[in-house]
4 protein chains.
Amino acid sequence: MLISSNHIESHNEDLLKKHQNKLVFTASEINESEAIIKKLIDFQIAIPSWALGTGGTRFGRFAGGGEPRSLEEKIEDVGLLHKLNNASGAISLHIPWDIPQDYKAIRTLAAQHGLKFDAMNSNTFQDQANSEHTYKYGSLQNVNKAVRKQAIAHNIEVIKHGIELGSESLTVWLADGSNFPGQLNFRKAYQNTLESLEEIYDALPSNWKLFLEYKCAEPNFYSTTVADWGQSYSYVQKLGDKAKTLVDLGHHLPNANIEQIVSILLMDNKLGGFHFNDSKYGDDDLTAGALKPYQLFLIFNELVEGMDARGMNHAKDLGWMIDASHNIKDPLEDLLQSVEAIMIAYAQALSVDRKALEKAQEENDVVKAQEILQNAFRTDVRALVAEARLRSGAALNPVELYRSIQVRENLIGERGLKTMATGL
Amino acid sequence: MLISSNHIESHNEDLLKKHQNKLVFTASEINESEAIIKKLIDFQIAIPSWALGTGGTRFGRFAGGGEPRSLEEKIEDVGLLHKLNNASGAISLHIPWDIPQDYKAIRTLAAQHGLKFDAMNSNTFQDQANSEHTYKYGSLQNVNKAVRKQAIAHNIEVIKHGIELGSESLTVWLADGSNFPGQLNFRKAYQNTLESLEEIYDALPSNWKLFLEYKCAEPNFYSTTVADWGQSYSYVQKLGDKAKTLVDLGHHLPNANIEQIVSILLMDNKLGGFHFNDSKYGDDDLTAGALKPYQLFLIFNELVEGMDARGMNHAKDLGWMIDASHNIKDPLEDLLQSVEAIMIAYAQALSVDRKALEKAQEENDVVKAQEILQNAFRTDVRALVAEARLRSGAALNPVELYRSIQVRENLIGERGLKTMATGL
Amino acid sequence: MLISSNHIESHNEDLLKKHQNKLVFTASEINESEAIIKKLIDFQIAIPSWALGTGGTRFGRFAGGGEPRSLEEKIEDVGLLHKLNNASGAISLHIPWDIPQDYKAIRTLAAQHGLKFDAMNSNTFQDQANSEHTYKYGSLQNVNKAVRKQAIAHNIEVIKHGIELGSESLTVWLADGSNFPGQLNFRKAYQNTLESLEEIYDALPSNWKLFLEYKCAEPNFYSTTVADWGQSYSYVQKLGDKAKTLVDLGHHLPNANIEQIVSILLMDNKLGGFHFNDSKYGDDDLTAGALKPYQLFLIFNELVEGMDARGMNHAKDLGWMIDASHNIKDPLEDLLQSVEAIMIAYAQALSVDRKALEKAQEENDVVKAQEILQNAFRTDVRALVAEARLRSGAALNPVELYRSIQVRENLIGERGLKTMATGL
Amino acid sequence: MLISSNHIESHNEDLLKKHQNKLVFTASEINESEAIIKKLIDFQIAIPSWALGTGGTRFGRFAGGGEPRSLEEKIEDVGLLHKLNNASGAISLHIPWDIPQDYKAIRTLAAQHGLKFDAMNSNTFQDQANSEHTYKYGSLQNVNKAVRKQAIAHNIEVIKHGIELGSESLTVWLADGSNFPGQLNFRKAYQNTLESLEEIYDALPSNWKLFLEYKCAEPNFYSTTVADWGQSYSYVQKLGDKAKTLVDLGHHLPNANIEQIVSILLMDNKLGGFHFNDSKYGDDDLTAGALKPYQLFLIFNELVEGMDARGMNHAKDLGWMIDASHNIKDPLEDLLQSVEAIMIAYAQALSVDRKALEKAQEENDVVKAQEILQNAFRTDVRALVAEARLRSGAALNPVELYRSIQVRENLIGERGLKTMATGL
């Protein structure tokens, strides 16, 4: 299935007048809306290959239809998203689920869809059919050196795949941890993990980054060996400049102030990037912005402020990725909703009156500071996000167009009803 | 300090053109905006007398200036708020902090400010100077019948004050609970509490309601004797039709789905009313909507849906009250911000396309249902709330007017810098 | 694999002297230790059929060897446990995973192992290969009546299987809920669920109970339709006397005071039984007592006190079951550890000096009340639990015996290394 | 009030026989019980001066009688505790509540009671009557340099008092943070705090340590400027070798794995010491071990393992202090209970079979590792703790002796019923 430019033009034409009215009004409400639109056009959020199929929980999985059956079809799916919103111009692969057979062909296919290869993801939380050693008791932390070596070698292999594809970063998420007190010696688990990470780090090309994700729990339920930002920070400090902390919004203890964590990591030049999603209880992997849109805005508020303070390029200097699961939605519709929520939060953060905020902060005018942030959040910025799409040839309303041209039905026609993508 | 109609007219005149432009645009975005404005005009949120002074924590209190020194001055403060926003037309008193000396004079004063007397609040969590018995080990739950009798008598006295003032409800919040395992026999504590509540219930006039609040913790840190909605529900079921559960947004365990609780209590005709505030960690008593505005909207979404399903009057059939504390803000500014956030959430909930939502739910169209709610939340409804104020003679921007006519400075001039209101 | 009485006798002989010394000392520390031992002998904890295989998470599963491949082998496994500890004299089946082909043969086999059939469990959270309708959007709550009918019929079929096997209760755990705001109308979901439960309730034999479990989250991550004890309580009240609430220790929001919930449900005659496990973050399904043994003791403290206050039979009047998962342990060893932890907590609760505790409570002597509970908890009661096993022909140290006679190795020999039991 | 050696001898004589029986049995159960007793004798837990009076919450305070009215009486109170348990041989002062008038006299008095001066505590969370600047918007983080200077000067003054008394450490707990999004620029707050800490650090004598406490929330409810161990770690790394992280058990987000944090801080030589207490919901400041005794044991398990791995002296190389509040207990009884719980956890941790545990960990024998820890925890070690007291001239049962010789009644007689100690 390809979405043609005709589809998009015809869709946009129908909505154009209403959009333009709204844009004019929005521009009258927001200073520098033109500059914001330009930044929105540049901003791209990578799509993880494993989010293109219906997710599941340990209690079951209700597969949808037309799910991608191969890396090629996954690229095609991200291409569809990118065609619709021009904001999903990258795909993040997961090895071994997405091992390319022919690098050149894959690179060509991605280029045809306007896609780059974002961070490569290794998998040492599952045993593969042909594995010599099991990760039942952890991978990089394992008491058994042979297991650690296998996991290190896998990560290095992932880097190699990434080099061939033009990726420039490796995301390491470790399920390593323990389920019961006494199971691990925490110190030794840390030291084994550090030593393993050092070997992987040494295999990084000079232009690469290593993102070390943290997670408080699951699949281990007593301890995790990279459990919180402080632990990730302590590892990446020891590893070196190319190592950074990756923040997944769903990986925190209840009530954590994620925006403050983001600010401090940025300050210390140790923030690597994001996995966006939303959650209420744990790593629920819900659509970004579906439950706590104000928190998402506050995070972007810190990102914009902190990146600008360091003179960073919003679009390029951090890794932006979705990591969600959507068990009961059409995955592509869900990803469109996630991207939209992220773009809105980013646009809101860009529209904050920074000078006034700084003044309110300097004067301890708490009421005013709150007014400034709430004003940015309450103002409807959707026309700016839509305009960014319009200018870059994408659809004013991606979900609506997706439905009207029956993308899912077409995919089912092409691929069948009973396909099941690799993933969680 | 009185705010004159001239003040308001002059303020509104300056903002009128911009407001009207925005209103026109908003009306083009939202169906039935006129009906929504009318409902907003009718909606009133009671101000608790104890929120008019600067709050504190156990670690200290940083008093502001010009705080009300008497019940009369508290009524004057709420009068100022109501003049500014025409949405704070009631005051909720706390006994013994607000015992009226002359009922008639107080009623007259309140009427001059357009204020009603909302729910009366009893206090059995502190010992008064002249108390015979201590509440150190609880009040209505106490193992000592004499203590229970004292607490019951106090509640009945509060009802009597309320009758004189024209209030029609009693809010019972109990600090009762325990700090250590073994301290309480939970069953006996429950039974003592129920028996005590029955005596108080019997003293209610026929047109009154008893609101039973629940709270998971604080000031007791092991158990609370009315700890969650289920416990409050089990008490009010046993008490009778006049007894209802009161929901304070800050009284839940982490991650509780408050909007679902609201829906179920409404369904069973056991929801009495609300204490609005916001929080991140516990009963933080922050400004309503300051941290989780989407949750506040979702709660109002259930309220509007559930009240309409029962044919209830939004403005009259539930008790609406703020219960916040604001340690570091001007209390009046903070209350204006809370009221604004509540009105916005209510307006957003009124603007939800109910028919479309019902259809999406009937079809299990989860993506669509999310789009409908998010659309209502992302649309800027502030012009509707402002228009409701404009039409009822209040200010387009209450905080701005409050500052420009220097209300706080005037109050300090009248009352002094070192006043301290009763309260927490 | 059968464990012979010789195995046990020989094992016990080796440990006997040390045991007897310890027992004598323990009896000198605890009043009425003889009565406690008798109660321990009578106390049986049902084993769920799905806990006999290695569990997993959504991130993967590391299967062990020798897992039971059939209902017969599951009964055999529970028989092994019961032989070892004489405290696991019941099995709880899950339909459709454990549909008996020949009721009589299954009953005979169970009887040979000294096992009863505890509560039957239905499954409406997964689609079966031959299902007409999907539970993707819920079962008893579903907006589609045909789906509800299918789920109701399934539950009634489960009851029928149970009747044939001599079970006397049905446990209903519903995954029903929603992942996104707007997805469900909470009230209608409640009402559909209630209506469905009423049909199931009507199909219960007169001597049966219906246990309605609650759970705050997972597999749905925004709302659950029986989310907390209050919701379960509101359903079972409406259903009738045979309907009771079932408490799973891992199904609560963070920090919930489970022991108080237990006490109140018991008081209102609405407690049905327990699913024991332990957890730190969510429904972690860890070994009972592995993380919070004092909480487990406090729960039993309420159970003993509350059941005695109602004149209930500890062993028979509530349902006692383990519901754990143990992804990385030998399931049988794990179950032995869970049962041991539960028996210890029960023994500790039985040893509480109730008269002294009641006196301390009546006098608000908080320090003393704490001393009494802590004394019971700190005293080593393991000799009483071991003595109960000894007297009933089981092993003094079940895990040790299990290992020394190489049960797992034998099972692998019989069943193979690559078996995988049904379950989560 | 003085407790004479006669009191203690007579008390011990009554309990001696039972104690000795129990000790003999315990020694038969635990290897190296003699070595454990010696370590217990050496282990001292500092008592904070502010825990000697009845605490309170923001909702009120129910003062007890006979509370210490001066620094001298606080020392006397700790002397009473130390006489009873010989495990409370240090007092931790809080400035400005405990400013000594005559250093020499105070040192002499403390020495008479066998007490040392543990960490000094500064207070920049409350305004003092004579303060020039307010800490309403923070102290070391404040946007106003003059406020920061005042707070720095105060900390340096506290160091000076400490030098005179022979203390060797400063504990900095900051209430600094924010209540509302936008109030703070997190980065600047961090940088101001760091700069302020550097000035304080520079004023430390060479043999001193600076302990930097962290706390997730309260009294600020949106952000805290030293919010978690990771933030404290990032500050103390930058400050230098004398700066260490202090862990207060009640200062974590729900479900935090504190024992792992302890292990990692120890590994990196950044653990400074502890504030012991227990909690269920937040910083509840309950008696140590009152709710989660297994967690307390697991923390000591890491401490013993980690300190031994570094060759540290258990008694001297970390700071051990209670920080609890006990609103409804006699403070001295409560402190005796806290110390007892801590000593028990320490004794249990000392009794862990480390070689067997290490072997189980090396073999991934999770069941065995759990058995080893649970065995240490379930074994009753109280006789070892009592024996440590007996050998050092203290009471076998401190709470019992405290009550039988009517310490509180004597203190009320000496000091009066309506005294109120400084503190929270």
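Computed from a predicted structure; not experimentally measured.

Enquirer: I'd like a description of the overall build of chain A, backed by residues and values.
Expert: The secondary structure content of chain A amounts to 15 helices and 13 strands. Against the 2.2 N^0.38 benchmark of 22 Å for 424 residues, chain A shows a C-alpha radius of gyration of 22 Å, consistent with a compact globule. By its C-alpha atoms, chain A is 65 × 60 × 40 Å across when sized along the principal axes. When burial is assessed residue by residue, chain A has 70% of its 424 residues classed as buried.

Enquirer: Summarise the interface of chain C and chain B; cite the residues concerned and give the values.
Expert: On the chain B side, the residues contacting the 53 residues of chain C number 53 residues. For the pair chain C and chain B, the two sides together bury roughly 4,600 Å², of which 56% comes from carbon and sulfur. Ionic pairing is found between Lys188(C) and Glu358(B), a salt bridge with its closest N-O pair at 3.5 Å. Put simply, chain C and chain B have 22 residue pairs in polar contact (both at pLDDT 80 or more) between them. Listing elements by their share of the side of chain C that touches chain B, those giving two or more residues are helix H6 (186–202), strand E10 (223–224), helix H7 (229–239), helix H8 (258–267), helix H9 (293–309), helix H11 (354–362) and helix H12 (366–378) of chain C. Broken down by class, the residue content of the side of chain C that touches chain B amounts to 23 nonpolar, 20 polar and ten charged.

Enquirer: Requested: an account of the interface of chain A and chain D, with residues and values cited.
Expert: By a widespread convention, an interface's size corresponds to the accessible area lost as its parts come together. Listed by partner, the interface residues are 53 residues for chain A and 53 residues for chain D. For the pair chain A and chain D, the summed buried area comes to about 4,600 Å², and 56% of that belongs to carbon and sulfur atoms. Inspection of the chain A/chain D interface yields six salt bridges. The salt bridge partner of Arg187(A) is Glu305(D), with a shortest N-O separation of 2.6 Å.

Enquirer: Any details on the relation of the copies chain C and chain B? Residues and values, ideally.
Expert: For the match of chain C to chain B, the screw axis carries a shift of 0.0 Å, the RMSD comes to 0.0 Å, and the turn is 180 degrees. Put plainly, the chains are arranged around a two-fold axis. Minimal C-alpha separation from the rotation axis in chain C is found for Gly230(C), amounting to 1.9 Å. A shared binding surface is used by both copies, with 100% of the interface residues of chain C retained as interface residues in chain B.

Enquirer: Mind laying out the pattern of salt bridges, listing which residues take part and the relevant values?
Expert: Enumeration over the complete set of coordinates arrives at 101 salt bridges over all chains. The salt bridge partner of Lys359(A) is Glu363(A), with a shortest N-O separation of 3.3 Å. In this structure, a network of salt bridges that share partners links the residues Lys18(A), Lys22(A), Asp380(A), Arg382(A) and Glu29(B).

Enquirer: Give a detailed account of a negative patch on the surface, specifying residues and quantitative values.
Expert: Residues and elements named next belong to chain A. Taken together, Glu9, Glu13, Asp14 and Glu400 make up a surface patch of like negative charges. When residues of the negative patch are assigned to their parent elements, the largest contribution, three residues, is made by helix H1 (residues 5–29). Within the element layout of this structure, Glu400 appears in helix H14 (residues 398–404).

Enquirer: Just give me the short version of the environment of His154(A), but keep the residues and values in it.
Expert: Residue and element names in this part refer to chain A. Here His154 shows up in helix H5 (residues 145–165). Taking the relative accessible area as the measure of exposure, His154 reaches 12% and is therefore buried. Within the local environment of His154, its side chain forms a polar contact with the backbone nitrogen of Asn123, the two atoms lying 3.0 Å apart.

Enquirer: So what's going on with unusual backbone geometry? Which residues, and what values?
Expert: Cis peptide bonds are those with omega within 30 degrees of zero, and the linkage from Glu218(B) to Pro219(B) qualifies with 10 degrees. Residues Ile95(C) and Pro96(C) are joined by a peptide bond in cis, for which omega reads 20 degrees. Its location among the elements puts Pro96(C) in the loop between strand E4 (90–92) and helix H4 (103–112). Located in the positive-phi region is Gln406(A), a residue other than glycine, with phi close to 55 degrees.

Enquirer: Lay out the relation of the copies chain A and chain D in plain terms, naming residues and giving numbers.
Expert: For the match of chain A to chain D, the screw axis carries a shift of 0.0 Å, the RMSD comes to 0.0 Å, and the turn is 180 degrees. Comparing contact sets, 100% of the residues at the interface of chain A also lie at the interface in chain D, consistent with an isologous, same-surface contact.

Enquirer: Tell me about the nonpolar core, and name the residues and values.
Expert: In terms of nonpolar packing, the biggest core is built from 541 residues, with Phe300(A), Phe300(B), Phe300(C) and Phe300(D) touching the most fellow members. When sequence neighbours within four positions are dropped, the list of residues in contact with Phe300(B) reads Phe43(B), Phe276(B), Trp320(B), Ile342(B), Ala345(B), Tyr346(B) and Ala349(B).

Enquirer: Lay out the pairing of strand E9 (residues 209–213) of chain B with the relevant residues and their values.
Expert: All names here are of chain B. Counting buried positions along E9 yields four of five residues, so the element is predominantly enclosed. Where strand E7 (residues 169–172) meets E9, four bridges bridge the pair, whose relative direction is parallel. Note on E9: the bridge partner recorded for Thr171 is Phe211. For E9 and strand E11 (residues 243–248), the ladder comprises four bridges, and the chain directions are parallel. Directly across from Glu213, in E11, lies its bridge partner Leu246.

Enquirer: Please provide a residue-by-residue account of the sheet that holds strand E5 (residues 116–117) of chain A, values included.
Expert: Residue and element names in this part refer to chain A. If you trace the three strands from one edge of the open sheet to the other, you get E1-E4-E5, paired in parallel fashion. In this open sheet, the two strands that pair with only one neighbour each are strand E1 (47–48) and E5. Here strand E4 (residues 90–92) runs beside E5; their pairing, made up of two bridges, is parallel. The partner of Ala90 across the bridge, within E5, is Lys116.

Enquirer: Can you lay out the sheet that holds strand E1 (residues 47–48) of chain D for me, pointing to particular residues and giving the numbers?
Expert: Residue and element names in this part refer to chain D. Strand order in this open sheet of three strands is E1-E4-E5, and the pairing throughout is parallel. With partners counted over all chains shown, the strands left at the sheet margins are E1 and strand E5 (116–117), one partner each. Bridge count between E1 and strand E4 (residues 90–92): two bridges; the pairing is parallel. Residue pairing for E4: Pro48 is matched across the bridge by Ser92.

Enquirer: Please give an account of the packing of aromatic side chains that cites residues and values.
Expert: Within the structure shown, the criterion is met by 80 aromatic pairs over all chains. An angle of 10 degrees between the planes, with centres 6.2 Å apart, marks the rings of Phe276(C) and Trp320(C) as stacked. Of this pair, Phe276(C) sits in strand E12 (residues 271–276) while Trp320(C) sits in strand E13 (residues 319–322), and the two are 44 residues apart along the sequence. No difference in accessibility class separates Phe276(C) from Trp320(C), as the two residues are buried. Put simply, the rings of Phe43(A), Phe274(A), Phe276(A), Phe300(A), Trp320(A) and Tyr346(A) pair up and form one aromatic cluster. Between the NZ or CZ atom of Lys242(D) and the centre of the ring of Tyr201(D), over which it lies, the distance is 5.2 Å. Positioned above the aromatic ring of Phe180(B) is the side chain of Lys329(D), whose terminal nitrogen or guanidinium carbon lies 3.6 Å from the ring centre.

Enquirer: Can you tell me about the side chain of Ser279(B), naming the residues and giving the values?
Expert: All names here are of chain B. With respect to the helices and strands, Ser279 occurs in the loop between strand E12 (271–276) and helix H9 (293–309). At a separation of 3.3 Å, a polar atom in the side chain of Ser279 contacts the main-chain carbonyl oxygen of Gly282. Residue contacts for Ser279: discarding those within four places in its chain leaves Leu249, Gly250, Asp284, Leu291 and Lys292.

Enquirer: Before we move on, can you summarise the side chain of Arg415(C) with the specific residues and values?
Expert: Residues and elements named next belong to chain C. Here Arg415 is to be found in helix H15 (residues 407–415). Polar contacts involving the side chain of Arg415 include one to the main-chain carbonyl oxygen of Gly66, which spans 2.9 Å. If we skip the residues at most four places from it in the chain, Arg415 touches Gly66, Glu67, Pro68, Arg69, Glu73, Glu76 and Asp77.

Enquirer: Explain helix H15 (residues 407–415) of chain D to me, using residue names and the numbers behind them.
Expert: Because an α-helix packs 3.6 residues into every turn, residues spaced three or four apart end up facing the same way. Residue and element names in this part refer to chain D. The complete set of buried residues in H15 reads Val407, Arg408, Leu411 and Arg415. In a view along the axis of H15, the buried residues occupy a sector of 95 degrees, so they form one face of it. Looking at the buried residues of H15, the elements they touch are helix H3 (71–85), helix H10 (331–350) and helix H14 (398–404). Where H15 ends, the next residue or the one after it, Gly416, has phi of about 100 degrees, a positive value.

Enquirer: Run through the packing of H9(B) against helix H12 (residues 366–378) of chain B, naming residues and quoting values.
Expert: Residues and elements named next belong to chain B. H12 packs onto H9 with a crossing angle of 115 degrees between their chain directions and a minimal axis gap of 11 Å. One element, H9, and the other, H12, form an angle in the roughly perpendicular class. When the axes of H9 and H12 are compared, the crossing they make is right-handed. Only Leu373, Gln374, Ala376 and Phe377 of H12 make contact with H9, whose side of the interface consists of Pro293, Tyr294, Phe297, Leu298 and Asn301.

Enquirer: Now, about the state of the cysteines: what can you tell me, with residues and values included?
Expert: Considering all chains together, one arrives at zero disulfides over all chains under this definition. Here Cys216(A) is not cross-linked by a disulfide; its sulfur's nearest cysteine counterpart is in Cys216(D), at 14 Å. Taking the relative accessible area as the measure of exposure, Cys216(D) reaches 15% and is therefore buried.

Definitions and cut-offs
- Residues numbered from 1 in each chain as written.
- Chains lettered and ligands numbered in written order.
- Predicted model: local features only at pLDDT ≥ 70, side-chain atom pairs only at ≥ 80, totals over all residues.
- Heavy atoms only, no water.
- Helix = DSSP H or I, 4+ residues; strand = E, 2+ residues; numbered from the N terminus.
- Rg over C-alpha atoms; globule rule 2.2 N^0.38 Å.
- Buried < 20%, exposed > 50% of the residue type's maximum accessible area, 1.4 Å probe, protein only.
- Contact = heavy atoms within 4.5 Å.
- Buried area = accessible area lost by both parts, 1.4 Å probe.
- Salt bridge = Lys/Arg side-chain N within 4 Å of Asp/Glu carboxyl O.
- Polar contact = N/O pair within 3.5 Å; in protein donor to acceptor, adjacent residues only side chain to side chain.
- Nonpolar A, V, L, I, M, F, W, Y, C, P; charged D, E, K, R; others polar.
- Least-squares fit on C-alpha atoms with pLDDT ≥ 70 in both.
- Patch = residues over 30% accessible without salt bridge, like charges linked within 9 Å, V, L, I, M, F, W, Y side chains within 5 Å.
- Areas by Shrake-Rupley, 256 points an atom, 1.4 Å probe, with all protein chains shown as cover.
- Lys, Arg positive; Asp, Glu negative; His and termini not counted.
- Charge placed at Lys NZ, Arg CZ, Asp CG, Glu CD.
- Core = buried A, V, L, I, M, F, W, Y, C linked by side-chain atoms within 4.5 Å.
- Pairing = 2+ DSSP bridges.
- Phe/Tyr/Trp six-rings, centres within 6.5 Å; stacked < 30°, edge-to-face > 60°.
- Lys NZ or Arg CZ within 6 Å of the ring centre and 35° of its normal.
- Arc of directions from axis to C-beta.
- Axes fitted to C-alpha atoms, helices over the stretch in contact; angles between N-to-C directions.
- Parallel < 35°, antiparallel > 145°, perpendicular 65-115°, else oblique.
- Left-handed = near helix turned anticlockwise from the far one by under 90°.
- Disulfide = S-S within 2.5 Å.

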